[in-house]
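# Topology and contacts: notes
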Amino acid sequence: MNTTCPYCGVGCGLIAGPDGLVGDEAHPANRGRLCVKGATLGLTLDDRDRLTQPSIGGRDTTWAEALDLAAVRFAEAISRHGPDSVAFYVSGQFLTEDYYVANKLMKGFIGSGNIDTNSRLCMASPVAAHIRAFGEDLVPGIYDDFDQADLILFTGSNAAWCHPVLFQRALRAREARGTRIVVIDPRRSATAELADLHIPIAPGGDLALFAALLAVCAERGMLDHRFIREHTSGFDAALSAARTAGHGIDDALFATLAEWVVATPRMITAFSQGVNQSAIATDTISAIINLHLATGRIGKPGACPFSLTGQPNAMGGREVGGLANQLAAHLGFDDPSHHDQLARFWNAPHLARHPGLKAVDLFDAVHDGRIKALWIAGTNPAESLPRSNHVREALARCPTVVAADCWATATTARAHIVLPAAGWSEKDGTVTNSERLISRQRAFRSAPGEAKPDWWMFAELGRRLGHGPAFDFPNPASIFREHAALSAFENAGERVFNLAALTNIPDEDYDALRPLHWPIGPADHRLLGDGRFSTGDQRARFVPTIAPASEATPMMTLNTGRLRDQWHTMTRTGRVPELMAHRSHAALEIAPEDAAASGLASGDLVAVTSNHGTITLTAVVDPGQRRGSAFAAMHWTEGQGSAGTVNQLIGSTCDPASGEPAYKHGQASLRRIAAQWHGIALGRAALTGRVNTLHAGCWARTPRADGLMHLRFTGTAPLALGATGRAVATALLDLPEGLESLDYADLRRGVFRLAVLKRGTVQLLLHVARDTAALPTVEALEALFGQSWPEPDAGRLLIGLGAPRLSPAGRIVCVCHQVTEPAIRAAIATGRLGTVEAIGLATLAGTGCGSCVSELKGLLRHELVAAE
Ligand SMILES: Nc1nc2c(c(=O)[nH]1)N[C@H]1C(S)=C(S)[C@@H](COP(=O)(O)OP(=O)(O)OC[C@H]3O[C@@H](n4cnc5c(=O)[nH]c(N)nc54)[C@H](O)[C@@H]3O)O[C@H]1N2
Ligand SMILES: Nc1nc2c(c(=O)[nH]1)N[C@H]1C(S)=C(S)[C@@H](COP(=O)(O)OP(=O)(O)OC[C@H]3O[C@@H](n4cnc5c(=O)[nH]c(N)nc54)[C@H](O)[C@@H]3O)O[C@H]1N2
Ligand code: SF4
Ligand SMILES: [Mo]
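Residues numbered from 1 in each chain as written. Chains lettered and ligands numbered in written order. Predicted model: local features only at pLDDT ≥ 70, side-chain atom pairs only at ≥ 80, totals over all residues. Heavy atoms only, no water.

## Details of the overall build of the protein
For the protein, the count of helices and strands is 32 helices and 34 strands. The C-alpha radius of gyration computed for the protein amounts to 27 Å, which stays within 12% of the reference 29 Å derived for 868 residues, consistent with globular compactness. Projected onto the principal axes, the alpha-carbon positions of the protein cover approximately 85 × 70 × 55 Å. Burial statistics for the protein: of 868 residues in total, 61% are counted as buried. As displayed, the protein has an accessible area near 31,100 Å², and 52% of this comes from carbon and sulfur atoms. In the protein, the 80 positive side-chain charges and the 87 negative ones have mean positions that sit 2 Å from each other. (Helix = DSSP H or I, 4+ residues; strand = E, 2+ residues; numbered from the N terminus. Rg over C-alpha atoms; globule rule 2.2 N^0.38 Å. Buried < 20%, exposed > 50% of the residue type's maximum accessible area, 1.4 Å probe, protein only. Areas by Shrake-Rupley, 256 points an atom, 1.4 Å probe, with all protein chains shown as cover. Lys, Arg positive; Asp, Glu negative; His and termini not counted. Charge placed at Lys NZ, Arg CZ, Asp CG, Glu CD.)

## Considerations on the domain arrangement of the protein
Each assigned domain of the protein is listed here: domain 1 (1–45), domain 2 (50–121 + 313–428 + 446–483), domain 3 (124–307), domain 4 (556–579 + 589–671), domain 5 (677–799) and domain 6 (812–867). The straight-line distance from the C-alpha centre of domain 1 to that of domain 3 is 30 Å. Taken residue by residue, the interface counts 12 residues in domain 1 and 12 residues in domain 3. Summing the contributions of domain 1 and of domain 3, the shared interface buries around 850 Å²; its carbon and sulfur component is 55%. Three residues, Val10, Arg31 and Arg33, lead the burial of domain 1 against domain 3; their summed loss comes to 51% of the area buried on that side. One can count two salt bridges joining domain 1 with domain 3. Asp144 is the salt-bridge partner of Arg31, the closest N and O atoms lying 3.3 Å from each other. On the surface where domain 1 and domain 3 come into contact, there are three residue pairs in polar contact (both at pLDDT 80 or more). (Domains from an automatic or database assignment. Contact = heavy atoms within 4.5 Å. Buried area = accessible area lost by both parts, 1.4 Å probe. Salt bridge = Lys/Arg side-chain N within 4 Å of Asp/Glu carboxyl O. Polar contact = N/O pair within 3.5 Å; in protein donor to acceptor, adjacent residues only side chain to side chain.)

## Some thoughts on the site of ligand 1
Neighbouring ligand 1 are 34 residues, the closest being Asp185, Gly204, Asp206, Arg562 and Gln566. In this structure, an oxygen atom belonging to ligand 1 sits 2.8 Å away from a main-chain N or O atom of Asn158. Arg564 places a main-chain nitrogen or oxygen 3.1 Å from a nitrogen atom of ligand 1. Here ligand 1 loses 100% of its free accessible area of 910 Å² to cover by the protein chains. Those elements that provide at least two residues to the shell around ligand 1 are helix H6 (159–162), helix H13 (273–276) and strand S21 (556–561). A per-class count over the shell around ligand 1 returns 10 nonpolar, 17 polar and seven charged. Here the shell around ligand 1 spans two domains, since at least three of its residues come from each of domain 3 (124–307) and domain 4 (556–579 + 589–671). (Near = heavy atom within 4 Å. Nonpolar A, V, L, I, M, F, W, Y, C, P; charged D, E, K, R; others polar.)

## Looking at the packing of helix H9 (residues 206–219) against helix H14 (residues 281–294)
H14 packs onto H9 with a crossing angle of 20° between their chain directions and a minimal axis gap of 8 Å. Accordingly, the angle class assigned to the pair H9 and H14 is roughly parallel. For the pair H9 and H14, the sense of crossing is left-handed. Between H9 and H14, the residues in contact are Asp206, Leu207, Phe210, Ala211, Leu213, Leu214 and Cys217 and Asp283, Thr284, Ala287, Ile288, Asn290, Leu291 and Ala294, respectively. Partitioned by chemical class, the residues of the contact of H9 with H14 number 10 nonpolar, two polar and two charged. (Axes fitted to C-alpha atoms, helices over the stretch in contact; angles between N-to-C directions. Parallel < 35°, antiparallel > 145°, perpendicular 65-115°, else oblique. Left-handed = near helix turned anticlockwise from the far one by under 90°.)

## So, the site of ligand 3
Surveying the vicinity of ligand 3 reveals the residues Cys5, Tyr7, Cys8, Gly11, Cys12, Leu34, Cys35, Lys37, Gly38, Pro164 and Val165. For the shell around ligand 3, the elements supplying multiple residues, two or more each, are helix H1 (36–39) and helix H7 (164–177). When grouped by side-chain class, the residues that make up the shell around ligand 3 number eight nonpolar, two polar and one charged.

## A word on the packing of aromatic side chains
Applying the stated criterion to the full structure yields 23 aromatic pairs. One cation-aromatic arrangement involves Arg50 over Trp407; the distance from NZ or CZ to the ring centre is 5.3 Å. Its end group placed over the ring of Trp518, Arg436 keeps NZ or CZ at 5.8 Å from the ring centre. (Phe/Tyr/Trp six-rings, centres within 6.5 Å; stacked < 30°, edge-to-face > 60°. Lys NZ or Arg CZ within 6 Å of the ring centre and 35° of its normal.)

## What about the nonpolar core?
Formed by 117 residues in total, the largest nonpolar core has its most connected members in Phe88, Val182, Leu257, Val261, Trp346, Trp375 and Leu419. Both of domain 2 (50–121 + 313–428 + 446–483) and domain 3 (124–307) provide at least three residues apiece to this core. Apart from residues lying up to four places away in sequence, Leu419 is in contact with Leu51, Pro54, Trp63, Ala66, Trp375, Val402, Ala403, Ala404, Asp405 and Met457. Listed in part, the 106 residues of the second largest apolar core include Leu21, Leu171, Trp636 and Ile828. (Core = buried A, V, L, I, M, F, W, Y, C linked by side-chain atoms within 4.5 Å.)

## Topic: the packing of helix H2 (residues 63–81) against helix H20 (residues 454–464)
Contact pair H2 / H20: the axes reach a minimum separation of 9 Å and the direction vectors enclose 60°. In terms of their interaxial angle, H2 and H20 are classed as oblique. Judged by the sense of rotation from one axis to the other, the crossing of H2 with H20 is right-handed. For the pair H2 and H20, the contacting residues are Trp63, Ala64, Leu67, Asp68, Ala70 and Ala71 in the first and Trp456, Met457, Glu460, Leu461 and Arg464 in the second.

## Comments concerning the environment of Leu327
Topologically, Leu327 is positioned in the loop between helix H15 (314–320) and helix H16 (336–346). The contacts of Leu327, once residues within four sequence positions are left out, are Lys107, Val320, Gly321, Gly332, Phe333, His339, Leu342 and Ala352.

## Description of the sheet that holds strand S3 (residues 20–23)
Strand order in this open sheet of three strands is S1-S2-S3, and the pairing throughout is antiparallel. Since the sheet does not close on itself, it has two edges, and those belong to strand S1 (2–4) and S3, each with one partner. In this sheet, adjacent strand axes meet at a mean angle of 40° when their direction is disregarded. Of the pairings in the sheet, the one linking strand S2 (residues 13–17) to S3 comprises four bridges and is antiparallel in character. The residue bridging Ile15 from the neighbouring strand is Val22, located in S3. (Pairing = 2+ DSSP bridges.)

## Considerations on the state of the cysteines
Evaluated as defined, the whole model comprises zero disulfides. The closest cysteine sulfur to the non-disulfide-bonded Cys162 is located on Cys8, 8.0 Å from its own sulfur. According to the relative accessible area criterion, Cys162 is buried, its value standing at 18%. Free cysteine Cys654: the closest other cysteine sulfur is in Cys122, separated by 13 Å. (Disulfide = S-S within 2.5 Å.)

## Describing the pattern of salt bridges
Evaluated as defined, the whole model comprises 47 salt bridges. Between Glu638 and Arg392 there is a salt bridge, with its nearest N and O atoms 3.1 Å apart. A residue pair is termed long-range when its members are at least 10 positions apart, and Glu638 in the loop between strand S25 (629–633) and strand S26 (666–673) and Arg392 in helix H19 (residues 388–397) qualify at 246 residues. On the basis of relative accessible area, Glu638 is assigned to the partly exposed category, the value being 32%. Looking at Arg392, the relative accessible area reads 12%, which means it is buried.

## A short note on the sheet that holds S25
The strand order S21-S25-S22-S24-S23-S26 describes a closed barrel built from six strands, whose pairing is mixed. On average, each strand axis in the sheet is tilted by 45° relative to the strand beside it, whichever way the strands run. Taken together, the four bridges between strand S22 (residues 587–590) and strand S24 (residues 614–621) define a ladder with parallel strand orientation. When the bridges of S24 are listed, Ala587 appears paired with Thr618.

## With respect to the pairing of strand S12 (residues 267–271)
With respect to burial, S12 is a largely interior element, five of its five residues being buried. Residues Met267, Thr269 and Phe271 of S12 are buried on one face, and the alternating residues Ile268 and Ala270, pointing to the opposite face, are buried as well. In the sheet, S12 pairs with strand S13 (residues 304–307) via four bridges, with the strands oriented parallel. Residue Ile268 lies in a different strand from S13, and its bridge partner there is Cys304.

## Observations concerning the pairing of strand S9 (residues 180–184)
Extensive coverage of S9 is indicated by the burial of four of its five residues. With five bridges connecting them, strand S8 (residues 151–155) and S9 associate as parallel partners. Note that in S9 the partner of Leu151 across the bridge is Arg180. The pairing of S9 with strand S10 (residues 197–199) spans three bridges and is classified as parallel. Paired with Val183 across the two strands is His198, which belongs to S10.

Here it is, written out as C-alpha cells:
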C-alpha cells in the first residue's frame, strides 16, 4: 500500500508491505529515501496507550452522547453570544479532507472566521509575504530546483534535521555540480556543520542581510532590469530602503557571500522557522523575495525563493483556508466578490465576512471569556503555544473544551470532552507538500477501539447543528471532489490554485491517485517564471523593508527549535526508545563565554527565567552557540519531566502582519543551581508513572527497551526524605502499598537504594547518592532486569554484586545501525579515519538514512583537534 510519511513537509512516499515500511522509489518527493523518523515509523505503530473511547469529564461514553453534548454546547454559545463565541483550533497534520470540512463548517455554516491552525505557528509569515508580493500564496519552486541550483542559501533552516531527505538532495547537487551551500543561522546547527559557508548571524539579522545583498547586486550591475520593468512594481522604493541597510555580519564573510550571490544566477534561498518565527518575519521574507525578483531569480530552474513547509499538510491547509484570515481555495476576505462566490458555491447561509482570531489572539479570547466553546484537534496547544501557562489557564476557564487526539496529552487532560482520533496509517485522504505535490495518505490498518477520522467528527457536528445536507459526505473522496470543484468554481485563471481536472474523480481513481503537482497540467511545475502574478495588474510587488534598530538588553536570546529524532510534543516519537537515544533529556545549549559568565559547566543545572516563568534545564556548553544566544529544544513536555514545556518561557510577541509568534527570540536570564544529590531509577511503567514533584527536584522520564522507564532525579534542596531506602523511594515516587521490596541505606554517605521484586523478578530499582559517580549507569541496571533473583540471591541487587559496572555503552549516533559515539570515536582514533565515508566503511555509521552525517563530521573535527 502506498502512502506518505506523517512527519515533515518534504512529504516522502512510503510503501507499507508485508516486510514493514520502506521508501517508495516511485514517489517524486523522495525516490525511495527516508530519514530516521520515516525509517522508524513502524516502531510507532503501537496501540497500547491510544485513546480508544470518547469521554466526558473523564468518564467513557458513546460517540452519540459525546457529540450530542458538544453540539448542544456549541449551539447554546452561538445562539446566546453569536458565532464569534465559538472556535476551532486545528492542525497542519490534518488531511486536506479533515481541514476542508472543519473550515466549511466554521466559515460557511456557523458563520465565524474563528478557525485557526497550528500552521499559524510556522507558515503564516510566508503566506503573508507571498500574498503581498505575488497576489496569491504561491511557492514558485519545486524540489528539482535543489538538483539544479549552483548556490543554495539555507536561512533559518536546520534542514539536515528538519527536512533531511530534501537536504540530502542539496548535498548530492554539491557532489554532482559543485553547488555551494550557505547556512545562515545564529548557531552552528547540524546543517551549518555541512555547509561550505556558515554565517552565524545575530538573531533577527536576516532582514538587514538580505536587503544589503539586494543593494550589492544593484551596485554590481546584476539586476534583471527587463524583468523589473515588465513584471514588477515598487522597485525603486525597495532599493532605496535596501541601501540604508548595514549587513550586520563579519565583513569578510559578507564579502564572500556577496561575491557568490552576485555571480550565481541559479540560486535558491530556502527559509524556515529561523526566519518565519520572528517579530519581523513577513518583512524579512519580503527582503528575500525582493532579492529574487530584482535578479529575475524566480520560477527558473535552480532559481527561486523557497519556503520549506513544516508539517506534512501545511500546504494543504492553506489550500482549503485553514487559517483564520483566509477563505477556502485561495479566496480572500478582502475581496467581497470572493464572499459572494463562496456563499453561492456552498449555499452557505451565514458565510463569515471578516477574518477570525489568529492562534495567539484566539487563546487570549478564550482566557478572557469571549470564546465559550472551543474544539481542538490534531495539535497540543497546552505545550506548543507561547506562554503555555496562560494557555492552560485559558483552557481551565473555558466552559467547553473538546479535544480530539490519538493519545492523551497536556491538552486532552484539560478538555471536558475527549474524542479518540484515527491517526496516520488508519485514515484516508490527501496531503500537499512544500512543492505543491498532492499525495494520498492511505489507511493500511484499522483504527483502535472506536477512534474515528476528524472529517467524520466535524461532519457529525455540522449535522447536529442543523446543516445536514452540506455535510453529507460518505467518504474522503466525496470531500476531495467538492474541494477540487470549489478551486475551479468561477476560476478563469484568476487563481493559480485550480484542481479542475479532479472535480469528477471517481472513488476508484481517488484511491489509486498517484502524486501530482498543482497546477495540474503543465509539464514544468515551476510557477511565476513567466512573470505573470496573481495581482490585479499581474505585476509582482516589491515591498520596501527597513530593519528595526536592535535594542540592547542584558537578557540572553532564547532560541528554540527541533531535534533530529523527535517530532513536536513527542506523542509519537517520544514512545520509541531508539529515537530517545540521540538526545535523552532536556538541555540548554550555551556558548562557552556565556557559560563562564554564569559559572556553568556541562551537566550543571541552570534555572532559565523569563518574564513568564522559570524552568530548570541541564546546561550543555557548546562552542557552536552564538554568544548571547542559547538553544533549547521545543519537544519536552510536562509528562516527561520538570524541564518540560519550554513554552512556559516564550512570550506572545508576534509578527504584526502574520500573527506568527517569535519563538526563536525569547528573552531569558540564567542562574546556576547547585545539585545536592542525584538519583536514578529503572522500572516498569506502572511503578514509575507517578513522580512526587514536591521532593523529586529536577527529574526526567525516558522510555527504554522492553517497556521499562528510566527516571533521573537531581536534588536542588538537601535530601531530608527519610532514613531508609524505602522512605526515600516513596518520597520520590508514588508507589502502591504492599510491594515486595529490599532496601539499603548508608546515611553517612547519603546512599539509598530500593529494589522492588515480584516472584523473583525485578520490577523497580532506585539508587540515590550525593554524587553521580556513586550511581550505576542505566545500562548496568538494565542488565539486572530479565534475570531471576531467588531469595538468597536478591540482596546482591542492592549491594552491587549483581551489577557488574558495565562501561556505559554511550549515546547512539547512528540510529539505523545502532552505532554509539564511543565506538565511532574509537574507530576514528585507531583507524586514523579522516572522512565520513571511512567511518561508514569501518562502523557502518552514516550509511543508512544519512541523518547523522553532520554529527560524524563534528566528531571527526573534535577527534582531529584532540589528536593535535
Ligand atoms: N526532526 C524534526 N523535523 C521536523 C519537525 C520536528 O518536530 N522534528 N517539525 C516540522 C515542522 S512543523 C517545522 S515548522 C519544521 C521546522 O524546521 P526548521 O525551521 O528548520 O527548524 P527549527 O529547529 O525550528 O529552526 C531552524 C533554525 O532556525 C535558527 N534560528 C533561530 N533564530 C534565527 C534567526 O534569527 N535567523 C536565522 N537565520 N536563523 C535562526 C535556529 O538556530 C534553528 O537552527 O520542521 C519540520 N521537521
Ligand atoms: N518553543 C517553540 N514552540 C513551538 C515551535 C518552536 O519552534 N519553538 N514550533 C511551532 C510549530 S512550527 C509547530 S508546527 C507546533 C507543533 O506543535 P503541535 O501542534 O502541538 O504539534 P504535535 O505535538 O505534533 O501535536 C499534534 C497532536 O495531534 C495528534 N494527532 C496526530 N494525528 C492526528 C489526527 O489525525 N487527528 C487528531 N485529532 N489528532 C492527531 C498527536 O497525537 C498530537 O498530540 O509547535 C509550535 N511550537
Ligand atoms: S524527510 Fe520528512 S517526510 Fe521524509 S521521511 Fe523524513 S520526516 Fe518523513
Ligand atoms: Mo511547524
